[in-house]
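Next come the chains, spelled out residue by residue.
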Amino acid sequence: MKSVDYLGMTEDAVKAIISNRELQSYDFERAQDLVSIFLGEGNKESAENLGLEMVESKNGYVLVTSEEKFSSEKNTLTIDLECLDFSIVNHSLIVAAVQKTLRFCVKYWGNLNFNNNEYIPPSSSKAIVFPFPMNSGAPYRITLERQPSEKRMSRRFPGKHLLAYRFGTNGGDGTKEEYPSTNFNKSIEILFSHESYQKNKNEEIHLQASFITADLTEEKIDTSSILGFSDPFKKLSSKQLTFIKTVYNEPARIEGPAGSGKTICMVLKILYWLNEVNRQGKKVKFLFIAPSTEMVNNVHYFFEVLSGSVEDYDENLLDQVEIKTLQDVCTEFLKQDIHETELLDEDTFESKNIQLLHLVELVSDEKSTLEEKKGFISPELYKFICDEDEFHIADMLRHEISVVIKGRSDENLDSYKDVKRPSYGLPIQNNNDRSFIFDVFNKYSEILNNLSQFDVDDVAISALSKLDSPIWRRRRKNDGFDAIFIDEVHLFNMNELSLVHYLTKDSSLSPISYAIDLAQALGDIAWNDVDFNNSVGIKNETEEVKLNAVFRSSPLITDLAFSITSHGANIFTNFDNPISEAPYIYIATNLMTNILSTI
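As the structure is a computational prediction, the values presented were derived from the model and not from experiment.

**Thoughts on the sheet that holds strand 8 (residues 161-168)**
Thinking step 1. Read across the open sheet, the eight strands follow the order 2-3-1-4-8-7-6-5; overall the sheet is mixed. The strands lining the two open edges of the sheet, one partner per strand, are strand 2 (52-56) and strand 5 (118-119).
Thinking step 2. As paired elements, strand 2 and strand 3 (residues 60-65) share five bridges and run antiparallel to each other. Each residue of the ladder has a partner; that of Val55, found in strand 3, is Val62.
Thinking step 3. With respect to the sheet, helix 4 (residues 91-109) is in contact with strand 1 (6-10), strand 4 (76-80), strand 5, strand 6 (126-129), strand 7 (141-145) and strand 8, its orientation differing from that of strand 7 by roughly 35°.

Rendered as structure tokens:
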């Protein structure tokens, strides 16, 4: 429940908030205090948690930094909470809206360039900030007045003063809109009062020093990342810690867009539980599955750096972890049956790319003769092949071959005609369509036969037959793994995932932790939670953690990704777009002008 009518801030307080890493996303606990303050529900304790001082009055409060001294000239921001209500969106979006608004203020005060989400209308004293990607006809906007009470301000309170008074999808009355000034006048009086900067030095609390901060008045911003930090666990959000501390022998899922820290969370979870189990005098055997050889190398590097960053960590514990691609795991079980030269590629990711290229060639051939088959196949399938891009068709065809023809039909046409198909995939309507697709599959198989090579599905299904056998069931207790960690699980199809739960020591448990970004669900187009849980043997409830903040990419890259995923989301009715509400946390060591013009 809102308790105040306005919030005032000095320029130093604004810079302290935008430079604090833990205030960029609602995934961090401290961001909850930020939200409460901007909803008008804050108090001195919540301000202290942000490393700021709160000066309260009857109807509002202002924020200053602990180090600030009184100055007769300063830049300020006032938010009229009687007119502007952030609560119309969820808390994660409130954090994004606040950060975008504060960043605009810093650019305005510093005469820096604006980006395309910030707009100052010509011949107007207004400013408009669009805090979220503009993917709809009525995007959210924040309206600010750049010259509130101009005549009064210039004489009594020198500086650049901003008033934010509108938030929503309504643009109001345009550039000539009247704005309320009562709360602004109250705020500015407190911000320019000597009493607001008189503090008891004995009780002064400098919480800001414990944060990862940056001084935006300097040419460069210098921040430390989790990699190489002396205690990486202290850098994590509460959501990330929830995932890490979930017991390793229980199912756990961490979800988020690219760059939100999923892989590092997986590594830190293994490090955490290796240490905990070691304290109990026990040993475990963990398997970390990555989608490509490149990712395996990256994960090895993460383990090396992060284990060295934890104080007194015994690096010998890493001997209890195997880091492999799933294809590597399979070929170990098939080492008497298959040689590396018989694989499409030793790297799983490249093997799938080669598979796709073979199918693109076949699709191109089929398109050239499709008119001859127009009366044979259904109008839906005919239109799909005619209209769609060859790579898209090949990708859908790869899914059909992997999951339906090989995974469910055992490469048998009669079985394929009768088998239940997934909800999402090629627009197959009748048996003629299935015969047509099966004929394409036979041509694909002929290519592999001529090359004497096997694709990833051949390897996975063959390995599954070795695992689902009396010999492995007898050896499983000793040779299996106590827990399995799967990174980028969306890049695996159901054939590959079906063998994972056979690798554990105990068939009654589901000790599987995995990271997923559904927007990248390329491994299986029909990917869904039910099928996944059935494939990997998860029967009990899964601890789910969803991350929103993007640390890796700049805002421009994230906005581009959002645009692409938004326009492509209508391909699948089960599409989940994690970019739509993802704030980004991006502080690079560039010149201040470049940084502020892109955040």
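**Focus: the pattern of salt bridges**
Thinking step 1. In this structure the tally under the stated criterion is 21 salt bridges.
Thinking step 2. Between Glu145 and Lys126 there is a salt bridge whose closest N-O contact spans 2.9 Å. Taken together, the residues span a long stretch of sequence, with Glu145 in strand 7 and Lys126 in strand 6 at a distance of 19 residues.
Thinking step 3. Given a relative accessible area of 1%, Glu145 falls into the buried group.
Thinking step 4. Lys126 sits in the buried class, given a relative accessible area of 3%.

**A look at the nonpolar core**
Thinking step 1. Ranked by size, the top nonpolar core spans 47 residues in total, and within it Met9, Phe38, Leu77, Phe86 and Leu144 carry the most contacts.
Thinking step 2. Here the element with the most residues in this core is helix 4; it accounts for twelve residues.
Thinking step 3. Contacts of Leu144, omitting those with residues within four sequence positions, involve Leu77, Thr101, Phe104, Cys105, Ser125, Lys126, Ala127, Val129, Leu162, Leu163, Ala164 and Tyr165.

**Overview of unusual backbone geometry**
Thinking step 1. Despite not being glycine, Asn111 has its phi angle at roughly 55°, a positive value.
Thinking step 2. Its location among the elements puts Asn111 in the loop between helix 4 and strand 5.
Thinking step 3. Not every positive phi belongs to a glycine, and Glu488 is a case in point at roughly 50°.
Thinking step 4. Here Glu488 shows up in the loop between strand 12 (483-486) and helix 18 (494-497).
Thinking step 5. Residue classification places Glu488 among the buried residues on the basis of a relative accessible area of 13%.

Rules behind the numbers
- Residues numbered from 1 in each chain as written.
- Predicted model: local features only at pLDDT ≥ 70, side-chain atom pairs only at ≥ 80, totals over all residues.
- Heavy atoms only, no water.
- Pairing = 2+ DSSP bridges.
- Helix = DSSP H or I, 4+ residues; strand = E, 2+ residues; numbered from the N terminus.
- Contact = heavy atoms within 4.5 Å.
- Axes fitted to C-alpha atoms, helices over the stretch in contact; angles between N-to-C directions.
- Salt bridge = Lys/Arg side-chain N within 4 Å of Asp/Glu carboxyl O.
- Buried < 20%, exposed > 50% of the residue type's maximum accessible area, 1.4 Å probe, protein only.
- Core = buried A, V, L, I, M, F, W, Y, C linked by side-chain atoms within 4.5 Å.

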